[in-house]
Amino acid sequence: MVIKSFDQIRKNMRTQTKRTVAVASAAEGKTLEAVLRACDEGLVDYILTGRADEILATAEKIGRKVDTDRIADTKDDEQAAAKAVELIRKGEADFLQKGLLHTSALLKAVVNREKGLRTGRMMNFVAMFQTKKYHKLFAITDGGMQIAPNLEQKKGIIESTVELFHSFGVKEPKVACMCAVEEVNPKMPETVEAAALKEMNQRGEITGCIVEGPISFDLSMISGTSQVKKYSSPVAGDADIILAPQIAAGNMLIKSLYTFGEAVMGGVVLGGMCPVSMTSRDSSVEGRMSSLLLSCSILNGEKTAGSR
């Protein structure tokens, strides 16, 4: 079965292993509400890190109660992030959720070489989107982790994101290497790299997907645009994965979609010991819930893949 919506993920989770999320700096109303809703539905258990008094005050403010036995009291964001990562390493939690702290503070703990969640694999941020304006879930990467990935790093980003789509039942995800134009232009290095990635795919160096590039965002996502622009590709109008040329382009596109595009986003960092659910500080409860669902689905997908 191919997963095409967050609602589908939610339904699947009701019959799968319940996961425990470690929330770093949990004294944030929308994050806490999302976690508690998921707990109410029997989808997750939780451990909250941060200042216990602030977590309890936040819960009271949103009209909720939390189990005090599930709070790991810490004095600041740095300790909260480190404690959440420690819970993963000890096997007491299955994945990580960003709360009320800067992304850089959380990632500092995640990528710590001695006590973090590194595995030696490429780590990249994937924003998964659901919108009424598109016929399936689609992803944009990387808009939050790798600043200016080189060709080999882009290959790694594609491979990890393709694995995610395989776990969703998409046998051959369509990857669009996003650029401003559709032709190779030496003055625009991203177009040269996009073409190189397509060639690597055709040579069998990137497998399990179809890679196209250079290709613009409208060509990737809007059916019929390829006819207007006379651009022939199976990816046109049907992309699963949008590979951003660098972090600025990816980040601006991601924020445009969920702020003005009426899209629901779930965000996750791949490549570590576990998924790391991440959303912007202005994300909705629904967006944070979607991130939780996404991480649980990844974990259950990995379990299923490992049993085959």
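Every chain is numbered independently, its residues counted from 1 as its sequence is written. It should be noted that, the model being predicted, local features are given only for residues of pLDDT at least 70 and side-chain atom pairs only at 80 or more, the latter also being counted only at that level, while totals for whole chains, interfaces and linings use all residues. For the side-chain quantities, the full set of heavy atoms in the structure was used; hydrogens and water were omitted.

A. Layout of the pattern of salt bridges. The term salt bridge refers to a pairing of a side-chain nitrogen on Lys or Arg with a carboxyl oxygen on Asp or Glu at a separation within 4 Å. Under the criterion given, the structure shown has 26 salt bridges. The shortest N-O distance in the salt bridge between Glu 33 and Arg 64 comes to 3.2 Å. Pair noted here: Glu 33 is in helix H2 (residues 29–40) and Arg 64 is in the loop between helix H3 (52–61) and strand E3 (71–73), with a separation of 31 residues, a long-range link. Three labels apply to residues, based on accessible area from a 1.4 Å probe with only protein chains included: buried if under 20% of the type maximum, exposed if over 50%, partly exposed otherwise in between. The exposure class assigned to Glu 33 is buried, which follows from its relative accessible area of 13%. Only DSSP runs of H or I with at least four residues qualify as helices, and only runs of E with at least two residues qualify as strands; both kinds are numbered from the N terminus onward.

B. Quick peek at the nonpolar core. Grouping buried Ala, Val, Leu, Ile, Met, Phe, Trp, Tyr and Cys residues that are joined through side-chain atoms within 4.5 Å yields what is termed a nonpolar core. Counting 100 residues, the largest nonpolar core has Leu 48, Leu 96, Leu 106, Met 128, Phe 129 and Phe 168 as its most contacted members. A per-element tally of this core places helix H11 (residues 285–307) first, with eight residues. Apart from the residues lying within four places of it in its own chain, the contact partners of Leu 48 are Val 23, Ala 26, Leu 32, Ile 55, Val 66, Arg 70, Ile 71 and Ala 72. Contacts are assigned to residue pairs that have any heavy atoms within 4.5 Å of one another.

C. A look at the packing of helix H4 (residues 77–89) against helix H5 (residues 103–110). Contact geometry for H4 and H5: axes closest at 9 Å, N-to-C directions at 40°. Relative to H5, H4 is oriented oblique. Relative to H5, the crossing made by H4 is right-handed. On the side of H4, the interface is formed by Ala 81, Ala 82 and Val 85, while H5 contributes Ala 105, Leu 106, Ala 109 and Val 110. The nonpolar class holds Ala, Val, Leu, Ile, Met, Phe, Trp, Tyr, Cys and Pro. Asp, Glu, Lys and Arg form the charged class, and all remaining residues, Gly among them, are polar. A per-class count over the contact of H4 with H5 returns seven nonpolar, no polar and no charged. Axes here mean lines fitted to C-alpha atoms, for a helix over just the part in contact, with angles spanning 0 to 180 degrees between N-to-C directions. Each angle is binned into one of four classes, with values under 35 degrees roughly parallel, values over 145 roughly antiparallel, values of 65 to 115 roughly perpendicular, and all other values oblique. Left-handed describes a crossing whose near helix is turned anticlockwise from the far helix by less than a right angle; the clockwise case is right-handed.

D. Structural context of the packing of aromatic side chains. Each Phe, Tyr or Trp ring, with Trp reduced to its six-membered ring, pairs with another whose centre is within 6.5 Å; inter-plane angles below 30 degrees give stacked pairs, above 60 give edge-to-face pairs, and intermediate values give tilted ones. Tallied over the entire structure, the rule returns three aromatic pairs. Considering the side-chain rings of Phe 129 and Phe 138, the 5.5 Å spacing of their centres and the 20° angle between planes classify their relative orientation as stacked. Their ring planes at 80° and their centres at 5.2 Å tell us that Tyr 134 and Phe 138 sit as a pair that is edge-to-face. Phe 138 matches Tyr 134 in its accessibility class, with the two residues each being buried. Three or more aromatic residues link up through ring pairs in this structure, and these residues are Phe 129, Tyr 134 and Phe 138. Think of it as a cone above the ring: NZ of Lys or CZ of Arg counts as a charge over the ring if it is within 6 Å of the ring centre and within 35 degrees of the ring normal. Lying over the aromatic face of Tyr 46, Arg 70 brings its terminal NZ or CZ to 4.6 Å of the ring centre.

E. Representation of the side chain of Thr 49 within the structure. Positionally, Thr 49 belongs in strand E2 (residues 44–50). Assessed through its relative accessible area of 0%, Thr 49 is described here as buried. For the purposes of these results, a polar contact is taken to be a pair of N or O atoms within 3.5 Å, where, inside protein, one atom must be able to donate a hydrogen and its partner to accept one; residues adjacent in sequence count only when each atom of the pair is a side-chain atom. Looking at Thr 49, its side chain comes within polar contact range of the main-chain oxygen of Ala 80, at 3.0 Å. Residue contacts for Thr 49: discarding those within four places in its chain leaves Val 23, Ala 24, Ser 25, Ala 26, Ile 55, Ala 72, Thr 74, Ala 80, Lys 83, Ala 84 and Leu 87.

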